[in-house]
Amino acid sequence: MITLHDGLERASKFDELASTLQLRRYEWAFLLALDGRTSAREIGKSLGLDDTTVLTMADFFLEQQLIVARSYSLSEYTRLFNVKNGAAPTTASTAVNGIGSPAQTRTGASPISFSLKRKPAAASTPTPTTGPSLKLKPIMDFVIRQSGGGTTGQIAAYRVLLKVPRPLLQAMKIESINFIDDNFELPNHEAYHAIVDGIKSVLNVTYQAA
Amino acid sequence: MTDKDLKVFIDIICHYFEKTTRHAPELKEPVIELNQFRLLDYTGFIKISGNNQGWVYISMPKGMLLDVLNCMGESLSDRSILLDSVGEIVSIITSNAREHFGAQFQISVPVTSAGKENAPISHEMPRFLLPFSWREHQAYVGIALLA
Amino acid sequence: MKLLIVDDSTLIRRAIERFANKFQFDEIRSANNGANALKEFKSFLPEVVTMDITMPEMDGLTCVEAILREKPDVQILVISALADKSTAVEAIKRGASGFLLKPFTEETLITSLEELFEE
């Protein structure tokens, strides 16, 4: 998943496919503006694009393997963004705008402590080596039951799934939660915990496997 | 999205078809769709911004669109009028929803697609589908709202 | 009497044209956005205009104002699917003579046009 705060760059596949691509004007402008450092949001802003358009477009390009999210070593990060260890970035308008802004950084915290929070839903619960059943149906049945069943339950299930990072949803490789087999299992514990976190966030209840 | 929001869309879909074709649609059990898009022959998408963000779309088979046009007295049946019509239908359904969602429910001009190509939404975003039947046809409205 | 139909949808432009035939307009023309409508208006100078709101290039409400600056006595019926009351109020504030909500039928369009002529 890409966030608005990611610095993006064109993938090697972009150079291979560039001559065959048919894109809209603003999509080319976005792709050609990527420098690996400026955040997706900032590039979008400079092109007059709103956040939803930027995310939708970036997700699509990611899926087509035309772009990648840039990751940094600690030394690269501190050098590129002019951050001293233990301090917030000197300018809030760098590529980590929003992540590293002083208002969101705890006093004295290492800059790494916030850069690691990029995927809170997936990372907030530790992944056990052995854990609960990964069967999806009982979890979704729980959501539907907890919210009163019927259409209300379906809406609650939808809202829970919106909380799950998209790569984890993709990894489930299912087309609909309504037609899953009783024995269908989530691909990993990360997906399980993301759904459980989603349930907590949407329904304010803790899921406990039967 | 809440029950009330969903009911608004259901009522508007029913009202639209009843008023323009004099045939009421029948709503089916909603479906949550992930990953692969199931788009029918013609689809109209509306991007939502403002307080709610996301997309609303309607996907219909060609035969249904032709029947709808016929009910409305339209004699054209080429690809261009079918794309225009599916865009106008989703635009009307979504715009009517502003009575419930308010002026901050901002609506774009429609984007249309024939078949499975050119869907402007990322298929990674879960969609809430409202399948319905109208006369002998099956179609659906998809709602992908983040709020 | 002449009618200018402004809507970005071919389906709607053709439907209005069919339904409005009852009034035996001398000539009916159409435009698919506000900018084209303004150009067409200046050469065509119709007495009646039907105007959509959500259109590319120039939206309908801006176009209503621009048309009224050209010819203040023109009757403009705004036809939109935007169902919140503030949109209808805004259309009237900008000088539209009437507001019709989409989807419309032949009967509701005829009634709205008749009300326009009564005024």
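Calculation rules
- Residues numbered from 1 in each chain as written.
- Chains lettered and ligands numbered in written order.
- Predicted model: local features only at pLDDT ≥ 70, side-chain atom pairs only at ≥ 80, totals over all residues.
- Heavy atoms only, no water.
- Helix = DSSP H or I, 4+ residues; strand = E, 2+ residues; numbered from the N terminus.
- Buried < 20%, exposed > 50% of the residue type's maximum accessible area, 1.4 Å probe, protein only.
- Contact = heavy atoms within 4.5 Å.
- Areas by Shrake-Rupley, 256 points an atom, 1.4 Å probe, with all protein chains shown as cover.
- Axes fitted to C-alpha atoms, helices over the stretch in contact; angles between N-to-C directions.
- Parallel < 35°, antiparallel > 145°, perpendicular 65-115°, else oblique.
- Nonpolar A, V, L, I, M, F, W, Y, C, P; charged D, E, K, R; others polar.
- Polar contact = N/O pair within 3.5 Å; in protein donor to acceptor, adjacent residues only side chain to side chain.
- Buried area = accessible area lost by both parts, 1.4 Å probe.
- Salt bridge = Lys/Arg side-chain N within 4 Å of Asp/Glu carboxyl O.
- Pairing = 2+ DSSP bridges.
- Core = buried A, V, L, I, M, F, W, Y, C linked by side-chain atoms within 4.5 Å.
- Right-handed = clockwise from strand over helix to strand, strands pointing away.
- Expected span 1.5 Å × (residues − 1).

Caption draft 1: How the structure looks around the overall build of chain B. Looking only at helices and strands, chain B has four helices and eight strands in total. Reading chain B from its N terminus to its C terminus gives the helix and strand order α-β-β-β-β-α-α-α-β-β-β-β. In chain B, buried positions account for 59% of the 147 residues. Relative to all contacts within chain B whose residues are 6 or more apart in sequence, the contacts with residues 24 or more apart total 70%. For chain B, the accessible surface area stands at approximately 5,400 Å², while carbon and sulfur atoms represent 46% of it.

Caption draft 2: Looking closely at the packing of helix α2 (residues 62-71) of chain B against helix α3 (residues 79-96) of chain B. All names here are of chain B. For the pair α2 and α3, interaxial distance at closest approach is 10 Å and the crossing angle is 80 degrees. The angle between α2 and α3 falls in the class roughly perpendicular. Of the residues in α3, those in contact with Lys 62, Leu 65, Leu 66, Val 68 and Leu 69 of α2 are Ile 81, Leu 82, Ser 85, Val 86 and Ile 89. For the contact of α2 with α3, a count of residues per class yields eight nonpolar, one polar and one charged.

Caption draft 3: Looking closely at the side chain of Asn 33 of chain C. Residues and elements named next belong to chain C. Relative to the assigned elements, Asn 33 resides in the loop between β2 (27-31) and α2 (34-44). Taking the relative accessible area as the measure of exposure, Asn 33 reaches 7% and is therefore buried. Among the polar contacts listed, one links the side chain of Asn 33 to the side chain of Asn 32, at a separation of 3.5 Å. In this structure the side chain of Asn 33 is engaged in a polar contact, spanning 3.0 Å, whose partner is the backbone nitrogen of Ala 35. Ignoring sequence-local partners within four residues, the contact set of Asn 33 consists of Val 6, Met 55, Pro 56, Glu 57 and Met 58.

Caption draft 4: Spotlight on the interface of chain B and chain C. Each partner contributes residues to the interface: chain B has 25 residues there, and chain C has 25 residues. Between chain B and chain C lies a buried interface of about 1,900 Å² when both sides are counted; carbon and sulfur atoms form 58% of it. For the interface between chain B and chain C, the tally reads five salt bridges. Mapped onto the side of chain B that touches chain C, the elements with two or more residues apiece are α1 (3-21), α3 and α4 (98-101) of chain B.

Caption draft 5: Summary view of the sheet that holds strand β1 (residues 2-6) of chain C. Residues and elements named next belong to chain C. Here five strands make up an open sheet; going across it, the order is β2-β1-β3-β4-β5 and the pairing parallel. A strand with exactly one partner marks an edge of an open sheet, and here the two such strands are β2 and β5 (98-101). Geometrically, the sheet is characterised by an average inter-axis angle of 20 degrees between neighbouring strands, direction not taken into account. Pairing of strand β4 (residues 75-80) with β5 involves four bridges; the strand directions are parallel. By the bridge assignment, Leu 77 is partnered in β5 with Gly 98.

Caption draft 6: View of the nonpolar core. Among the nonpolar cores identified, the biggest contains 99 residues, and Leu 136 of chain A, Phe 17, Ile 58 and Met 60 of chain B together with Met 51 of chain C are the most heavily contacted of them. Take this core: its biggest share by element is eight residues, from α3 of chain B. Other than its neighbours up to four places away in sequence, Ile 58 of chain B contacts Phe 17, Tyr 42, Thr 43, Gly 44, Val 86, Ile 89, Val 90, Ile 93, Phe 132, Tyr 140 and Val 141 of chain B.

Caption draft 7: Structural context of the pairing of strand β3 (residues 48-51) of chain C. All names here are of chain C. The side-chain alternation of β3 yields two buried faces, one formed by Val 48 and Thr 50 and the other by Val 49 and Met 51. In this structure, β1 lies alongside β3, joined through four bridges in parallel fashion. Along β3, the bridge assignment pairs Leu 4 with Val 49. Sheet analysis places β3 next to β4, joined by four bridges and oriented parallel. Residue pairing across strands places Met 51 opposite Val 78, the latter belonging to β4. Read from β3 through helix α3 (residues 60-70) to β4, the crossover connection turns out right-handed.

Caption draft 8: Spatial organisation of α1 of chain B. For α1 of chain B, spanning 19 residues, the distance from its first C-alpha to its last is 27 Å, which sits close to the expected 27 Å at 1.5 Å a residue. The positive-phi residue at the C-terminal boundary of α1 of chain B is Arg 22 of chain B, with phi of around 65 degrees.

Caption draft 9: View of the pattern of salt bridges. Per the stated rule, a full pass over the model turns up 20 salt bridges over all chains. Residue Glu 33 of chain B pairs with Arg 38 of chain B through a salt bridge whose shortest N-O separation is 3.1 Å. Of the residues examined, Arg 38 of chain B reaches a relative accessible area of 34% and is grouped as partly exposed. In this structure, Glu 27 of chain C and Arg 29 of chain C form a salt bridge, with 3.0 Å as the shortest nitrogen-oxygen distance.

Caption draft 10: Highlighting the environment of Gly 142 of chain B. All names here are of chain B. With respect to the helices and strands, Gly 142 occurs in strand β8 (residues 137-145). Taking C-alpha positions, Gly 142 is 6.2 Å from Leu 130, a pair spaced 12 residues apart along the chain. Apart from residues lying up to four places away in sequence, Gly 142 is in contact with Trp 55, Val 56, Tyr 57, Phe 128 and Leu 129.

Shape descriptors only; they carry no functional weight alone.
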